[in-house]
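Letter by letter, the chains look like this.
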2 protein chains.
Amino acid sequence: MNGADSLCDTLLANDIDVCFANPGTSEMHFVAALDRKPRMRCVLGLFEGVVTGAADGYARMAGKPAATLLHLGPGLGNALANLHNAKRARTPMVNVVGDHATYHVQYDAPLTSDVEAVARPMSHWVGRIEDAASLSARAGEAIRVARRAPGNIATLILPADAAWTDLPDGAPAPAAVPLEGPKAPDAQAIRAAADAIRSGQTTLLLLGGTALHGRALAAAGRIAHATGVRLACETSNRRVERGITRTPLPRLPYPVDMAVAFLRDVRHLVLIGASRPVAFFAYPGKPSLMAPEGCGIQSMASVEHDLDHALEWLAEELGIASDAPQIQGPVLDSSDIPQSGRLTSAAVNRIVAHLLPEHAIVCDESITQGRELSTFGMSARPHDWLQLTGGAIGIGLPMAAGAAIACPERKVVTLQADGSGMYTVQALWTQAREQLDCVTVVYANRTYATLHGEMKNVGVQQMGENARRMLDLDNPSLDWVHLARGMGVEAVRVETVEDFTRALRGAFGRKGPYLIEALI
Amino acid sequence: MNGADSLCDTLLANDIDVCFANPGTSEMHFVAALDRKPRMRCVLGLFEGVVTGAADGYARMAGKPAATLLHLGPGLGNALANLHNAKRARTPMVNVVGDHATYHVQYDAPLTSDVEAVARPMSHWVGRIEDAASLSARAGEAIRVARRAPGNIATLILPADAAWTDLPDGAPAPAAVPLEGPKAPDAQAIRAAADAIRSGQTTLLLLGGTALHGRALAAAGRIAHATGVRLACETSNRRVERGITRTPLPRLPYPVDMAVAFLRDVRHLVLIGASRPVAFFAYPGKPSLMAPEGCGIQSMASVEHDLDHALEWLAEELGIASDAPQIQGPVLDSSDIPQSGRLTSAAVNRIVAHLLPEHAIVCDESITQGRELSTFGMSARPHDWLQLTGGAIGIGLPMAAGAAIACPERKVVTLQADGSGMYTVQALWTQAREQLDCVTVVYANRTYATLHGEMKNVGVQQMGENARRMLDLDNPSLDWVHLARGMGVEAVRVETVEDFTRALRGAFGRKGPYLIEALI
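Read on for an overview of the structure. (Residues numbered from 1 in each chain as written. Chains lettered and ligands numbered in written order. Predicted model: local features only at pLDDT ≥ 70, side-chain atom pairs only at ≥ 80, totals over all residues. Heavy atoms only, no water.)

1. A short note on the environment of Tyr283(B)
Rules: In this text, helices come from DSSP runs of H or I with a minimum length of four residues, and strands from runs of E with a minimum of two, each type numbered from the N-terminal end. Throughout, a residue-residue contact means that at least one pair of heavy atoms, one from each residue, lies within 4.5 Å. Counting of polar contacts relies on pairs of N or O atoms within 3.5 Å, with two restrictions inside protein: one atom must be capable of donating a hydrogen and the other of accepting it, and residues adjacent in sequence are counted only when both atoms are side-chain atoms.
Relative to the helices and strands, Tyr283(B) resides in the loop between β10 (268-272) and β11 (296-301). Sequence spacing of Tyr283(B) and Ala137(B) is 146 residues, and the spatial spacing of their C-alpha atoms is 48 Å. Contact partners of Tyr283(B), with chain neighbours within four places excluded, come to Thr25(A), Tyr103(A), Trp164(A), Tyr254(B), Val256(B), Glu454(B), Asn457(B) and Val458(B). Here Glu454(B) takes part through its side chain, which lies 2.8 Å from a polar atom of the side chain of Tyr283(B).

2. A few points about the relation of the copies chain B and chain A
Which entries qualify depends on this criterion: Alignment of copies: least-squares fit on C-alpha atoms of residues with pLDDT of at least 70 in both copies.
Once chain B is rotated about the relating axis by 180 degrees and shifted along it by 0.0 Å, it coincides with chain A to within an RMSD of 0.0 Å. Look at the turn and shift together and you get a two-fold axis relating the two. Take the interface residues of chain B: 100% of them recur as interface residues in chain A, which is what a same-surface contact looks like.

3. Some details on the interface of chain B and chain A
Here is the rule: What gets called buried area is simply the loss in accessible area from a 1.4 Å probe that two parts show on being joined, summed for both. Here a salt bridge means any side-chain nitrogen of Lys or Arg lying within 4 Å of a carboxyl oxygen belonging to Asp or Glu. Classification used: nonpolar for Ala, Val, Leu, Ile, Met, Phe, Trp, Tyr, Cys and Pro, charged for Asp, Glu, Lys and Arg, polar for all others including Gly.
With 100 residues of chain B at the interface, the matching set in chain A holds 100 residues. When chain B packs against chain A, the two sides together hide about 8200 Å² of surface, and 64% of this comes from carbon and sulfur. Summed over the shared surface of chain B and chain A, the result is six salt bridges. Taken together, the links from chain B to chain A amount to 46 residue pairs in polar contact (both at pLDDT 80 or more). Every element with two or more residues in the side of chain B that touches chain A is listed here: α2 (28-35), β2 (41-44), α4 (72-89), α5 (115-119), α16 (427-433), α17 (449-457), α18 (465-471) and α19 (480-486) of chain B. Among the elements that make up the side of chain B that touches chain A, the one with the highest residue count is α4(B) (nine residues). Here the residues of the side of chain B that touches chain A sort into 55 nonpolar, 29 polar and 16 charged.

4. A short note on the pattern of salt bridges
Our working definition: The buried label applies to any residue whose accessible area, calculated with a 1.4 Å probe on protein chains only, is under 20% of its type's maximum; exposed applies above 50%, and partly exposed to all values in between.
Considering all chains together, one arrives at 70 salt bridges over all chains under this definition. With its nearest N and O atoms 2.8 Å apart, the salt bridge here joins Glu312(A) to Arg215(A). With Glu312(A) in helix α11 (residues 307-317) and Arg215(A) in helix α9 (residues 214-227), this pair connects stretches of sequence that are 97 residues apart. Arg215(A) gets classed as partly exposed once you look at its relative accessible area, which sits at 45%. Overlapping salt bridges bring together Arg433(A), Glu465(B), Arg468(B), Asp472(B) and Asp474(B) as one network.

5. Remarks on the sheet that holds strand β15 (residues 438-444) of chain A
Residue and element names in this part refer to chain A. Which entries qualify depends on this criterion: Two strands are said to pair when DSSP picks up at least two bridges between them. For helices, the axis comes from a line fit to the C-alpha atoms of the stretch in contact; other axes are also lines fit to C-alpha atoms, and the angle between any two N-to-C directions lies between 0 and 180 degrees.
Here seven strands make up an open sheet; going across it, the order is β9-β13-β12-β14-β15-β17-β16 and the pairing mixed. Edge positions in the open sheet fall to β9 (240-242) and β16 (490-494), since each of these has one partner strand only. Pairs of neighbouring strands in the sheet enclose a mean axial angle of 20 degrees, with direction left out of account. Pairing of strand β12 (residues 360-365) with strand β13 (residues 383-387), which is carried by five bridges, proceeds in the parallel orientation. Bridge assignment links Ala360 to a residue of β13, and that residue is His383. Against the sheet, helix α14 (residues 396-406) makes contact with β12, β13, β14 (412-417) and β15, and its axis sits at roughly 175 degrees relative to β14, the strand it touches most.

If you want it as structure tokens, here you go:
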């Protein structure tokens, strides 16, 4: 047994049995070891952003980390954008990054770089394996950190010789690492939240992290029903359980002016696994902090706390029975569903909400065009809603691949802005290779619509040729049907409500990857 | 005039008039400023690896840096792999990376990260702009470092508020920064090299950097002709002037065993802008250093020296007249050019060498499949040969776009391995958008052939399903014709020598981007 075998066994002993990989020469022994472990499911990505985006989507749905396999500093560099998103989502992930053999680093071969330095900005923990003998212990440390609630990015650097060296006799056997659960909630913080709710002044519970699903979300719904307290979720969330029967959570709007208006009347802002509301970007003359002056902000529990317990405790503190009714979301009026005509993003959003299959997983990178779905989604059949958490675009298609691997029995629906989709378009190939049940709707507006808006937000009113050419995706237009087919995914382009509805029904009625380019 | 205007003007005052860009919200004022400077050519990439790869290709051919425009830490992360290649090539480049407004960073908005930390591993210099008033001076520093011979990666972090703030009265006007030329060669080192050549023992001049073209290369050819000294270039080179009439430079082989054999008889290894030969990777039982024991290694001049002067001085030291004859390369035997049959990589290489237009720029990311072109290329019509310098795959298509923008009158030919091409496949769209005269030949072997070889090199003989699925690009096969059309590039697939020859002749006979998928 060599170091690479030991690493695989340590991962498997800790129930990490999916490895998203884009390996290179320095990782060949690890690949050979994976080959000897049929229990480990290896999923190839043709670009490293696919690998980390898929590992993020997987962990959000599986509730446990995947491993990734990346090649040296540049491979890790390609992985950083989606690692940033995963770090912001507090997704658990164990990255295995190959490096040159320890004795080879000194020669500064062309692919040499400071792997630790590349890893650090987007990792919660970075460790280097010293040798084969200490490998399993170090890997255990990475796994322990990654799984510490609610999750962390642990990056483990694996020198080639540590992988290929045989373990010395008596080296410790790969072992399971104890799980570290979430922190216990704080009684005083919960009483303070209850006091705010009882004050009679407008109070908003801003939920994040694990408060967005399961018992925590149900408790929040009971609290809102019994007390009339407002609920909301942050702008960007790891995973929200949404749809009719679930507690509806309005989303804090992205545009600063809208967010300020959303929060205007709030006197007590109670953070439960959420951060205080901050503008995504700074704009001349607009605030960075969006809560009104005089609004008290209190943190009832952080993302690291047991939020199921925290919200149930709060309900109890408020005297609300565990079988008390929850608030209900709006019902989608079927007269709101367009039946014909030219396709628009509004039509796409309504039709998606209307047709969404029960228990679908929605991977939402629709950016500007899908914002209304924050509302319509509440009325759809129950589903999970996974969002872009860190603002680093290019997560939709990979996240869908990962989510589909975690939940093979569920339909995964990706709402994908065209500009953002191009950053990790290679994920379509992984969807085809693994025959994942992923339906992608591309909002083909052929522009970086966000940036058009942002030009105005930052005070630029007029736009000339140089700017327009940097903000529009025209001339030539992208052809998503060709792109998808180039990677083995069936696809269709639609321009009308009728064709979109038909295509979406068709896609939902079959299995396997499919892409609909919605010209809007 | 605001800070963004001042930055644009500083770039233009230093003859940096191309900006490869993938901007985001925090860079909107810079985009608006670019808009007011029609002299600045703005080129959009749909992914940041395209941006830095294109800036690398541009600078290699233009002999001066381009600017890049990138969005915060994650955008820079996506750019790192090709920055690594450019850093290894010592390509000059000025990266402008937007960041949050200075006062906004403290709020840790979702896209916040440590931009300096992301930049440092792949930059020679990193600087942050403090405010609009000091912006131009700081930008001047970046430009000075970037252009210091032979070139450096300078990364300048631009907070949004420094860009949008108006300059105070009396702020210094954007100014030209003095160019810092290469270092003067060292007389003693040149005499030592001459002594080695005169010793009668086998001597090899290993050339790199600016010794691979122009006067330096010609002088090397005269020296080799007069003295019989061996010449070679490194495995990976920034830019080689190659083809008949040019001094032929055998390339140090990539595989360790072949490199060791190549160097076996050498007693004096003279480095001229090159590094000592080091294995690309370490392998169990194979050496890291590839020169034989007892071989003296001397550095006559580094990449930072004036290599034109150094080699002409060496010739003079050896008493060789400036009009003495140079060695000549092999002539391609037309009977070596296949006329028909199933296409193979060997056939592709020979036909490309045979048909290559004069003064073409070859962007070579053919990896395993194009290795023979190191030899055949010497017999082709005179051309420039740009290679993958840092081993971070995914540079071919972007580098071609940049080279074509630097040299619009020349045909750019990209020799592209299929696996590597997928990392920055978005570059095809930039080729279409800018209507660049780029012909891409995809070596479609549908596998990571390097890794198959490396599995054996690291001692893995047997390969099972998990490994095969990580090394092969099949099931589904990529369809490069669809991929290219999806991004507006005309394309054709060929499987026979006849069809490839016809397609390549056709592509060389027209203008504009074109892709040939060569099934081999």
